[in-house]
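An overview of the molecular structure
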Amino acid sequence: CALQRDSRTPLTPAQIGSACPRGCVWVSPLLDTLPTWSLEGLVLALLNVGPSLCSFDDLESILCPGFVSLYNKNNTLQYLLDTKLHVSRVLPTHPHMYMLGLMHAMQSSLLDPCPVVVRACTNIVGVWAAKSFISNMGYRQHKYITTTLVFCLQSKLITKNILERSGLLSQLIQGVQQHMESPLPRVRRLGMVVAEAFSRVADPANPLVFDLPSDGDMKGGESADVITPGTDILALAHAHVPD
């Protein structure tokens, strides 16, 4: 992949797209040779242009080997996929869904799986359940983090045993309670959505079911658009990623 490696200028989707032919296995050598400081720019560029280079169905065979290999040995990539791209950014819908699909493929890989979904869920819950986050975070970021959290909980990669042994269950219960005490209907709804999602993991025979308000029930432009429990997350991600 003929990308300049000595420039401090962040890589752009256009550079990635023009330099890398569709469908070739170029990610592994590229990730291994680029300096650490350039990883965030590369990952963001790949998430933006990824569907034109590697279809959603080919994520595991094309992108996963390079990402998993580097993830397992590189703290910077771990921080990006475990934390930063979930709690410090709000990606547009297509890159966001593509990232979730990539994370699922990385942890589901039969060759060399990595715990990216479990780690992301752990870090996201710590932020999502904090009273200061609920009180001060803008709704766009709040909804974005909630969508990722619901994805993690519904991915089938988070088990009841993981919830209980890691302490996530108690954090989730506390976070839901904090959300339900909010005076804002849209914030309370996000708490309900997460409560339904983790109850399907903790007690699948008796999951919680709330009468969630629809977009039409929200006033003042308070959109309720967020992934809800029972949604086929991978199908939704596939639908949001253009062919």
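Residues numbered from 1 in each chain as written. Predicted model: local features only at pLDDT ≥ 70, side-chain atom pairs only at ≥ 80, totals over all residues. Heavy atoms only, no water.

1. Re the overall build of the protein chain
- Along the backbone of the protein chain there are 14 helices and 0 strands.
- Order of helices (α) and strands (β) in the protein chain, N terminus to C terminus: α-α-α-α-α-α-α-α-α-α-α-α-α-α.
- Burial statistics for the protein chain: of 243 residues in total, 50% are counted as buried.
- In the form shown here, the protein chain has an accessible surface area of approximately 11,200 Å², with 52% of it arising from carbon and sulfur atoms. (Helix = DSSP H or I, 4+ residues; strand = E, 2+ residues; numbered from the N terminus. Buried < 20%, exposed > 50% of the residue type's maximum accessible area, 1.4 Å probe, protein only. Areas by Shrake-Rupley, 256 points an atom, 1.4 Å probe, with all protein chains shown as cover.)

2. Side note on the environment of Asp-82
- Relative to the assigned elements, Asp-82 resides in helix H6 (residues 75-87).
- The spacing of Asp-82 and Ile-124 is 42 residues in sequence and 8.4 Å in space, taken between C-alpha atoms.
- Residue contacts for Asp-82: discarding those within four places in its chain leaves Tyr-71, Val-116, Arg-119, Ala-120 and Asn-123.
- There is a polar contact of 2.6 Å between the side chain of Asp-82 and the side chain of Tyr-71. (Contact = heavy atoms within 4.5 Å. Polar contact = N/O pair within 3.5 Å; in protein donor to acceptor, adjacent residues only side chain to side chain.)

3. A closer look at the confidence of the model for the protein chain
- Mean pLDDT over the protein chain works out to 77, with 70% of the residues at or above the 70 mark.
- Within the model, the stretch residues 10-25 combines pLDDT values under 50 with 36 contacts to residues more than four positions away or in other chains.
- Note that pLDDT drops below 50 for residues 215-224; the model gives that stretch 15 contacts with residues more than four away or on any other chain. (pLDDT = per-residue confidence, 0-100.)

4. Focus: helix H10 (residues 139-154)
- For H10, built from 16 residues, the straight-helix expectation of 22 Å at 1.5 Å per residue is met to within 8% by its first-to-last C-alpha distance of 22 Å.
- For H10, a buried count of 15 out of 16 residues is recorded, marking the element as mostly surrounded by other parts of the structure. (Expected span 1.5 Å × (residues − 1).)

5. Examining the environment of Gln-174
- Within the secondary structure layout, Gln-174 lies in helix H12 (residues 168-180).
- Relative accessible area serves as the criterion here: at 42%, Gln-174 is assigned to the partly exposed category.
- Sequence separation of Gln-174 and Ala-130 is 44 residues, and the distance between their C-alpha atoms is 8.7 Å.

6. Here we look at the packing of H6 against helix H7 (residues 93-108)
- At their nearest, the axes of H6 and H7 sit 12 Å apart, and the two run at 165° to each other. For the element pair H6 / H7, the angle class is roughly antiparallel. Taken as a pair, H6 and H7 cross one another with a handedness that is left-handed. Residues Leu-81, Leu-85 and His-86 of H6 form the contact with H7, whose own contacting residues are Met-99, Met-103 and Met-106.
- Residues belonging to the contact of H6 with H7 are distributed by class as follows: 5 nonpolar, 1 polar and no charged. (Axes fitted to C-alpha atoms, helices over the stretch in contact; angles between N-to-C directions. Parallel < 35°, antiparallel > 145°, perpendicular 65-115°, else oblique. Left-handed = near helix turned anticlockwise from the far one by under 90°. Nonpolar A, V, L, I, M, F, W, Y, C, P; charged D, E, K, R; others polar.)

7. Some points on H12
- Helix length check: H12, at 13 residues, gives a terminal C-alpha distance of 18 Å against a target of 18 Å (1.5 Å per residue), a fit within 8%.
- Turning to H12, the residues buried within the fold contact helix H8 (116-128), helix H9 (131-136), H10, helix H11 (160-166) and helix H13 (185-202).

8. Some remarks on the nonpolar core
- Counting 61 residues, the largest nonpolar core has Phe-67, Leu-77, Met-106, Leu-149, Leu-153 and Val-194 as its most contacted members.
- Discounting chain neighbours no more than four positions away, the residues touching Leu-149 are Cys-121, Ile-124, Val-125, Trp-128, Leu-172 and Val-194. (Core = buried A, V, L, I, M, F, W, Y, C linked by side-chain atoms within 4.5 Å.)

9. Regarding the packing of H6 against H10
- Where H6 contacts H10, the two axes come as close as 9 Å, and the packing angle between them is 150°. Seen from H6, the contacting residues are Leu-85, His-86 and Val-87; seen from H10, they are Gln-141, Tyr-144, Ile-145 and Thr-148.
- Along the lines of polarity and charge, the residues of the contact of H6 with H10 split into 4 nonpolar, 3 polar and no charged.

10. Quick look at unusual backbone geometry
- In this model, Lys-156 sits at a positive phi of 70°, which is unusual for a non-glycine residue.
- Here Lys-156 shows up in the loop between H10 and H11.
- A residue is classified by how much of its surface remains accessible, and Lys-156, at 75% relative accessible area, is exposed.

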